[in-house]
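Structural features, examined
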Amino acid sequence: MSVSQSDKPLAAADIAAVVEEEVNPQQLIVDDWHTHLLSPLAGPTLSLHGVDRLLTYHYVRRKLFAGGHVSPQEFSSWDIEKQGDFTWQTLFVDPPSDGFDEGCHGVTVAMRELGLDPNASTLKEAREFYADTDAETIQQRCMQLAGVKRIVGTQDVFNDDERAYYENGEWDERYYSAFRLDELVLHYPRAAAKLKSWGYKVDDDPASADSISEIRRFLSDWQGKLHNVVYGACSFPPTCRVHDTQTQEGAILHHAVLPFLAELKLPFFMMPGPIRQLSPSWGDAGDGCGMCDMNPYQQLIQQHPQNAFFITPLHNANQYDVSVMTCHFDNVMAVGHWWFNFHPGLVEADLRMRLEMTGARFIAFNSDARVMENLVPKWNRYREILAKVLADKYLDLHHGGRVVTRAGITRTLSALFEPNRFSMTR
Ligand code: FIX
Ligand code: ZN
């Protein structure tokens, strides 16, 4: 399209169609800024795909346990195909009620988009498709359907299985690393034991001069080993006092993590709200969510003006506080709508609030995918909501007397997915 055409004022009646075209996954190709994915090069235990993985994703599994359909102990004693069959039969073939939740909806949308029957009575056809299609083809197809060109993973080097791959594995160039620091920041005694066994001379006090310099040496060593680290990240339970250097987490952040990230001009991604292992026998489906006092985060951000922060609260009631915070500090941006926020009604309301309060000063979405196919329904859903909300907002601008153009719409869309908007990381 020529520049003059894309600068042409749009009539009110054309705005929605133009927004929809520009939001389309073939047109707007984005980076997925937080996932738990690794490419097939990492092998089938670290890189998940397939109908059984999709059906046992924890958003879906949680429904089986919460509905009392099977005990977590019995379920985990089965092989993955039996788990897939049971889930398909219980929640899709013969469900107690239709699956309106995003977990179940995601399974059927992924199947539909891959050409599989979301109303099949068994998984036979789906299994045949996967038996005949290699992991790389599935990955390419999912990325294309989702409109995703690069993927940021979650690299926890304290996890022994993952670390072995990071030490020796071959990386897919489309994958970037998030240096995940929950274990170091939240479980220092456990992390310190590992650090010592790897030759770092930390002691029991994370704030001692030796510990600080050795933690920084560890961070720097692994920043060099991981593939293209784009930020450091940590989730925080609701009661965390991240700003308080008298606490372990506060001390590690203040003395080691934040200075290290500032030096490398890398943002720190904060994820306040998870209550880990609320139902321990449910595995990763058993994590809960709590509302946070945002004051500690506000103080941390204020205390470290040289650091850039991303923040994504898990409790939906904290979305508003986070948006307000991003109006006051230029070193923080809200990101995405993750996990217990990822319900279309909530996403739509949060997106409207963010646009109205901050303009485009947030990173619109990340999928948090764990299984390759999760990319498809999650991005598909987000694009639907984005097209609807953005069309309304542009119509509103039009009614307010502003000229609306295709070029303006594409400019806003690229801003919404551009993470490098901090002056301190340039
Ligand atoms: O902490 C996280 O990065 C969370 O996304 C995960 O812990 C969680 O299990 C998840 O996959 C949510 O979508
Ligand atoms: Zn995540």
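Residues numbered from 1 in each chain as written. Chains lettered and ligands numbered in written order. Predicted model: local features only at pLDDT ≥ 70, side-chain atom pairs only at ≥ 80, totals over all residues. Heavy atoms only, no water.

1. Structural notes on the site of ligand 1
As a reminder, the rule being used: Note on terminology: near, applied to a residue and a molecule or strand, indicates that one of the residue's heavy atoms is within 4 Å of it. Pairs of N or O atoms are called polar contacts if they sit within 3.5 Å, as long as, within protein, a hydrogen donor faces a hydrogen acceptor (for residues adjacent in sequence, only side-chain-to-side-chain pairs). Using a 1.4 Å probe, the Shrake-Rupley method yields the accessible areas, and only the shown protein chains count as cover for residues.
The environment of ligand 1 is formed by H34, H36, H58, Y59, R180, M271, R276, W338, W339, D368 and R370. Residue H34 places a side-chain N or O atom 3.2 Å away from an oxygen atom belonging to ligand 1. At 2.7 Å from an oxygen atom of ligand 1 is found a side-chain nitrogen or oxygen belonging to R180. In the complex, 97% of the free accessible area of ligand 1, which totals 330 Å², lies under the protein chains.

2. Considerations on the sheet that holds strand 2 (residues 148-152)
As a reminder of what qualifies: Being paired, for any two strands, means DSSP has found at least two bridges between them. Here a helix means four or more residues in a row that DSSP labels H or I, a strand means two or more in a row labelled E, and each is numbered from the N terminus.
Spatial strand order, 1-2-3-4-5-8-9-10: eight strands in an open sheet with parallel pairing. Each having just a single partner strand, strand 1 (30-32) and strand 10 (362-363) make up the two edges of the open sheet.

3. Considerations on the pairing of strand 2
As judged from the three bridges shared by strand 1 and strand 2, these two strands associate in the parallel manner. Following the sheet pairing, V30 is matched in strand 2 by V148. Here strand 2 pairs with strand 3 (residues 175-180) via two bridges, running parallel. Directly across from V152, in strand 3, lies its bridge partner Y176.

4. Focus: the packing of aromatic side chains
What counts, and what does not: Within 6.5 Å between ring centres, the rings of Phe, Tyr and Trp (the latter by its six-membered ring) count as paired, and their orientation is classed by plane angle as stacked under 30 degrees, edge-to-face over 60, tilted in between. Per-residue accessibility, obtained with a 1.4 Å probe over protein chains only, is compared with the maximum for each type, and a residue is labelled buried under 20%, exposed over 50%, and partly exposed between these values. Two conditions define a charge located above a ring, namely a distance within 6 Å from the ring centre to NZ of Lys or CZ of Arg, and an angle within 35 degrees of the ring normal.
Per the stated rule, a full pass over the model turns up 30 aromatic pairs. Both rings, one in W33 and one in Y231, keep their centres 5.8 Å apart while their planes meet at 50°; by these two values the pair is tilted. Taken together, the positions of W33 in the loop between strand 1 and helix 3 (51-55) and Y231 in strand 4 (residues 229-236) put the pair 198 residues apart, joining distant regions of the chain. Relative to F268, the ring of F236 lies with its centre 6.3 Å away and its plane at 75°, an arrangement referred to as edge-to-face. Here F236 is found in strand 4, whereas its partner F268 is found in strand 5 (residues 268-272), with 32 residues between them in sequence. By relative accessible area, F268 is classed as buried at 0%. Aromatic ring contacts, followed pair by pair, group W33, Y231, F269, F310 and F422 into a single cluster. Above the face of the Y59 ring, R62 is positioned so that its terminal group lies 5.6 Å from the ring centre. Geometry around W222 places K225 over its ring, the cationic atom sitting 4.3 Å from the centre.

5. As for the coordination of the zinc ion (ligand 2)
Basically, it comes down to this: Think of the donor list as every N, O and S atom within 2.8 Å of the metal, or within 3.2 Å for Na, K and Ca; water never makes the list, so a site can look incomplete.
Looking at the metal site, the zinc ion (ligand 2) is ligated by H34 (NE2), H36 (NE2) and D368 (OD), spaced 2.0 to 2.2 Å from it. Of note, the zinc ion (ligand 2) draws all its donor residues from one chain, in the sequence arrangement H-x1-H-x331-D. Of the two residues, H36 is situated in the loop between strand 1 and helix 3 and D368 in the loop between strand 10 and helix 18 (375-399); the sequence distance between them amounts to 332 residues. In this structure H36 comes out as partly exposed when scored by relative accessible area, which is 21%. Classification of D368 as buried rests on a relative accessible area of 6%.

6. Details of the nonpolar core
Put simply, the rule reads: Buried Ala, Val, Leu, Ile, Met, Phe, Trp, Tyr and Cys residues that are joined via side-chain atoms within 4.5 Å together make up what is termed a nonpolar core.
Counting residues in hydrophobic clusters, the biggest one holds 135 residues, and the most contacted among them are L184, F218, F236, V257, F268, L375 and F417. By residue number, the principal contributor to this core is helix 18, which donates 11 residues.

7. Observations regarding the packing of helix 4 (residues 58-66) against helix 6 (residues 80-93)
Helix-helix packing is described using two parameters, namely the angle between the two axes and the distance between the axes. Applicable threshold: The angle between two axes is taken between their N-to-C directions and runs from 0 to 180 degrees, where each axis is a line fitted to C-alpha atoms and a helix contributes only its stretch in contact. Angles are sorted into four bins: roughly parallel if under 35 degrees, roughly antiparallel if over 145, roughly perpendicular if 65 to 115, and oblique for all others. Handedness of a crossing is defined here by the sense of rotation of the near helix relative to the far one, left-handed for an anticlockwise turn of less than a right angle and right-handed for a clockwise turn. Residues are treated as being in contact if the distance between any of their heavy atoms lies within 4.5 Å. Charged means Asp, Glu, Lys or Arg here, nonpolar means Ala, Val, Leu, Ile, Met, Phe, Trp, Tyr, Cys or Pro, and polar covers whatever is left, Gly included.
At a minimum axis separation of 11 Å, helix 4 and helix 6 run at an interaxial angle of 70°. The angle between the axes of helix 4 and helix 6 places the two elements in the roughly perpendicular class. Considering only the axes of helix 4 and helix 6, their crossing is left-handed. Two secondary-structure elements touch here, helix 4 through V60, K63 and L64 and helix 6 through F86, T87, T90 and L91. By residue class, the composition of the contact of helix 4 with helix 6 is four nonpolar, two polar and one charged.

8. Looking at the environment of N307
When you line up the elements, N307 lands in the loop between helix 15 (295-303) and strand 8 (309-311). On the accessibility criterion, N307 (0% relative accessible area) is buried. Taking the C-alpha atoms as reference, N307 lies 7.5 Å from K265; in sequence the two are 42 residues apart. Among residues more than four places away in sequence, those in contact with N307 are L258, L261, A262, N331 and M424.

9. Regarding unusual backbone geometry
Here the phi dihedral of N228 falls at roughly 45°; this positive angle occurs in a residue that is not glycine. Mapped onto the elements, N228 comes out in the loop between helix 13 (209-225) and strand 4. One non-glycine residue with positive phi stands out, namely K265, at about 60°. Considering the arrangement of structural elements, one finds K265 in the loop between helix 14 (248-264) and strand 5.

10. Digging into the pattern of salt bridges
Counted only if it meets this: Each reported salt bridge corresponds to a side-chain nitrogen of Lys or Arg within 4 Å of a carboxyl oxygen of Asp or Glu.
Enumeration over the complete set of coordinates arrives at 28 salt bridges. Note that D160 is salt-bridged to R163, the shortest N-O span being 2.9 Å. Residue D160 and its partner R163 are both found in helix 10 (residues 160-168); the two are separated by three residues, about one turn of the helix. What makes R163 buried here is its relative accessible area of 14%. When the shortest N-O distance is used, the salt bridge between K196 and D204 registers 3.6 Å. Salt bridges linked by common partners bring E348, R352, K388 and D392 together as one network.

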